[in-house]
Amino acid sequence: MDTMINKTCMLLVAAVLVTMMAVVPRGEAAIGCGTVVSYMKPCLPYVTGSGPLGDCCSGVKGLNSAAKTTPDRQSVCSCLKSLAAGVNLGKAAALPGQCGVNIPYKISPSTDCSKVK
């Protein structure tokens, strides 16, 4: 049953990524959703409740370091927002603090990423 749920979550993430890649205009941000997923993949077990925090913080810190410009941060925000479906929102929102990273927005479906600086 857990394997089926994990496969369903991964398929959902893949579908969201394909949609985001088709919708996000090219050239506006250096960081795409594929990059965000690569950094955040170690966090998936934790935010879905199927595993420990593990190596998640290295991905969170790496992504934070990579998002140097406002368009980068807005793009990362949009990707995280779209990926929030199917995860524990409390755990997702708490990740930056748990990893000692300060980001200028809350990881939430209600975040207005256009206001991220």
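Residues numbered from 1 in each chain as written. Predicted model: local features only at pLDDT ≥ 70, side-chain atom pairs only at ≥ 80, totals over all residues. Heavy atoms only, no water.

Our focus in this paragraph is the confidence of the model for the protein. Residues at a pLDDT of 70 or more form 75% of the protein, whose mean pLDDT is 81. Summarising per-element confidence for the protein, the mean pLDDT is lowest in helix 1 (residues 2–23) (43) and highest in helix 4 (residues 56–66) (96). (pLDDT = per-residue confidence, 0-100. Helix = DSSP H or I, 4+ residues; strand = E, 2+ residues; numbered from the N terminus.)

Here we take up the nonpolar core. Judged by nonpolar contacts, the single largest core of 28 residues is most densely connected at Val 36, Met 40, Val 60, Val 76, Leu 80, Leu 95 and Tyr 105. Counting only elements with at least two residues in this core, the list comes to helix 2 (33–40), helix 3 (44–47), helix 4, helix 5 (70–83) and helix 6 (89–98). A per-element tally of this core places helix 5 first, with five residues. Those residues in contact with Met 40 that sit more than four places away from it in its chain are Val 60, Leu 63, Leu 80 and Leu 95. (Core = buried A, V, L, I, M, F, W, Y, C linked by side-chain atoms within 4.5 Å. Buried < 20%, exposed > 50% of the residue type's maximum accessible area, 1.4 Å probe, protein only. Contact = heavy atoms within 4.5 Å.)

With that settled, the discussion passes to the packing of aromatic side chains. For the structure on display, the rule yields zero aromatic pairs. One Lys or Arg, Lys 91, reaches over the ring of Tyr 46 and ends 4.7 Å from the middle of that ring. (Phe/Tyr/Trp six-rings, centres within 6.5 Å; stacked < 30°, edge-to-face > 60°. Lys NZ or Arg CZ within 6 Å of the ring centre and 35° of its normal.)

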